[in-house]
Amino acid sequence: MKVLHLFTAANVPEKGVAEVPAKAVSWANGITPANLPGQGLDQHPMLYAGENYNKIFIVNDGKVIWTYSSGEICEHDDVWMLSNGNILFTRLDYIAEVTPDKKEIWRYTTEKGGIHTCQPIGLDKVMFVVNGYPPKLFIINIKTGEVEVEQELPYDDPNDDHGQFRRARITAQGTYLISFLNMGCVIEYDKNFNEIWRYEINRPWAAVRLKNGNTMITNEADWITREVNQKGETVWEFNAKTDLPAEYELASAPQTCTVLGNGNLIFNSRGNEKGNSPQLVEITRDKKVVWVLQDWKTLGPATTVQILDDPGIPEVPGELER
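Residues numbered from 1 in each chain as written. Predicted model: local features only at pLDDT ≥ 70, side-chain atom pairs only at ≥ 80, totals over all residues. Heavy atoms only, no water.

(A) Geometry of the pattern of salt bridges. Counted according to the given criterion, the structure contains 17 salt bridges. Between Lys 102 and Glu 19 there is a salt bridge whose closest N-O contact spans 3.4 Å. Linking Lys 102 in the loop between strand S6 (94-98) and strand S7 (104-109) with Glu 19 in the segment before strand S1 (46-50), this pair joins segments that are 83 residues apart in sequence. Between Arg 91 and Asp 93 there is a salt bridge, with the nearest N and O atoms lying 2.7 Å from each other. Accessibility expressed as a relative area gives 27% for Asp 93, which makes it partly exposed. Salt bridges here are not isolated pairs; linked through shared partners, they connect Glu 51, Glu 220 and Arg 270. (Salt bridge = Lys/Arg side-chain N within 4 Å of Asp/Glu carboxyl O. Helix = DSSP H or I, 4+ residues; strand = E, 2+ residues; numbered from the N terminus. Buried < 20%, exposed > 50% of the residue type's maximum accessible area, 1.4 Å probe, protein only.)

Now the structure itself:
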């Protein structure tokens, strides 16, 4: 929140040098139903992005205060605002960091299966995974260009590198928590990439380690978000098809779940081309809906969101774990 003024400063151009306009959209005429729970765009200050629309949004005080576009094709799957205000994002064919005044200060490009996930490690390093044959996890010092970690990861399908990985995270303990989308499992590795924990689940798009040691996993194929303990026991589960009231039905399965400091959870949905379903739904732990965002005139599909007034330093692993 302390750096949001940088995004509306006089030196912020309408279009950055490396910025490319996003494609025309079909959902801009979507209708926002009346009397939705919560306060609409005013519910949370947030960094917002989604697949199918290469435009990143920052929302504050109920309005969009900044955008950044990266062209007509590919997809935004992971995006971070750092404590200095810089925005780190993946775009399938590259990963980049831009300043609030839209200057690109770092880019890594791939011609392989794509980059879907990234994580800042301090202000100088970035962890990311490049899908391919073989897929690899990297940690690169963006100041020096030094590759500090380059680790091959297992895969099982020689014909689908696009579906190998979505989310990977370094935990507060320095371990690697990786969602193997095609292989149907979440694996945790120690610092030397020895496997120390595994959980089998259909099409895990994302997994995050919680402060209580449990893991919250989003199973996109079955529309399920499940919290499991270290023994692999289910301690909480939400089915977005059956647990949501019919009037808040999603048009596409959640890919990620954002756990807030107050214990609430936000589910992100890409919706559809008609713009007639929610993009974000926030629930309490007892599954009460407290916020539904459906504003296709203002925002695009939702894959990932960072709530900016929640506590924690983004580039410190574990600080955003709840």
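Okay, back to it.
(B) Expanded view of the environment of Lys 143. Relative to the helices and strands, Lys 143 is located in the loop between strand S10 (136-141) and strand S11 (147-152). You can call Lys 143 exposed: its relative accessible area is 57%. When near neighbours in sequence (up to four residues on either side) are disregarded, Lys 143 contacts Leu 123 and Asp 124. (Contact = heavy atoms within 4.5 Å.)

(C) Fine view of the pairing of strand S22 (residues 280-283). Burial of the side chains of S22 extends over both faces: Leu 280 and Glu 282 are buried on one face and Val 281 and Ile 283 on the other. Two elements, S22 and strand S23 (residues 289-293), share four bridges in a ladder whose sense is antiparallel. Considered in S23, the bridge of Val 281 is made with Val 292. In this antiparallel pair of consecutive strands, S22 and S23, the connection spans five residues, and Lys 287 shows a positive phi of 70°. (Pairing = 2+ DSSP bridges.)

(D) Here's a closer look at the pairing of strand S17 (residues 215-219). Of all five residues in S17, five are buried; the element is thus mostly enclosed. In S17, alternate side chains face the same way, and those of Thr 215, Ile 217 and Asn 219 on one face and Met 216 and Thr 218 on the other are all buried. For strand S16 (residues 204-209) and S17, the ladder comprises five bridges, and the chain directions are antiparallel. Bridge pairing in S17 places Arg 209 opposite Thr 215. Here S16 folds back onto S17, and the loop between the two strands holds five residues, one of which, Gly 213, carries a positive phi near 90°. Two strands pair when backbone bridges link them, and S17 and strand S18 (residues 224-228) are joined in this way by five bridges, in the antiparallel orientation. Each bridged residue has a counterpart across the sheet, and for Thr 218 the counterpart in S18 is Thr 225.

(E) Looking closely at the environment of Cys 185. Tracing the chain through its elements places Cys 185 in strand S14 (residues 185-189). Through-space distance from the C-alpha of Cys 185 to that of Asn 131 is 16 Å; in sequence the pair is 54 residues apart. Residues in contact with Cys 185, not counting those within four places in the same chain, are Ile 178, Ser 179, Phe 180, Arg 198, Tyr 199, Glu 200, Ile 201 and Pro 204.

(F) Region of interest: the sheet that holds strand S15 (residues 195-200). Taken in spatial order, the four strands of this open sheet run S12-S13-S14-S15, and their pairing is antiparallel. This sheet does not close on itself; its edge strands, each paired only once, are strand S12 (165-170) and S15. Averaged over all pairs of adjacent strands, the angle between their axes in this sheet comes to 15°, without regard to strand direction. Here S14 pairs with S15 via five bridges, running antiparallel. Across the sheet, the residue bridging to Val 186 is Tyr 199, located in S15. (Axes fitted to C-alpha atoms, helices over the stretch in contact; angles between N-to-C directions.)

(G) Structural detail: empty space enclosed by the protein. Under the defined criterion, the tally for this structure stands at two cavities of 30 Å³ or more. What the largest cavity holds in volume is close to 560 Å³. Taken together, the elements giving at least two residues each to the lining of the largest cavity come down to strand S4 (79-81), S12, S16, S17, strand S20 (257-259) and strand S24 (304-307). Tallied by class, the residues present in the lining of the largest cavity amount to 17 nonpolar, 10 polar and eight charged. Around the second largest cavity, the lining residues are Pro 154, Tyr 155, Asp 156, Asp 157, Gln 164, Phe 180, Asn 182 and Met 183. Of the residues assigned to the lining of the second largest cavity, the class counts are four nonpolar, two polar and two charged. (1 Å grid on protein atoms, 1.4 Å probe; cavity = no way out; pocket = protein on both sides within 12 Å on 5 of 7 lines; lining within 4 Å. Points joined across faces, edges and corners; volume = space filled by probe spheres on them. Nonpolar A, V, L, I, M, F, W, Y, C, P; charged D, E, K, R; others polar.)

(H) Layout of the layout of surface pockets. Looking at the largest pocket, its volume works out to about 250 Å³. Looking at the largest pocket, it is lined by 14 residues, and the ones nearest its centre are Met 1, Ser 83, Leu 308, Gly 312 and Pro 314. Grouping the constituent residues of the lining of the largest pocket by class yields nine nonpolar, three polar and two charged.

(I) Quick look at the environment of Asn 60. Inspection of the secondary structure puts Asn 60 in strand S2 (residues 53-60). Judged by relative accessible area, Asn 60 falls into the buried class, the value being 14%. For Asn 60 and Thr 258, which are 198 residues apart along the polypeptide, the C-alpha to C-alpha distance reads 18 Å. Dropping the residues within four chain positions of it, Asn 60 is found in contact with Met 1, Leu 4, Pro 45 and Ile 65.

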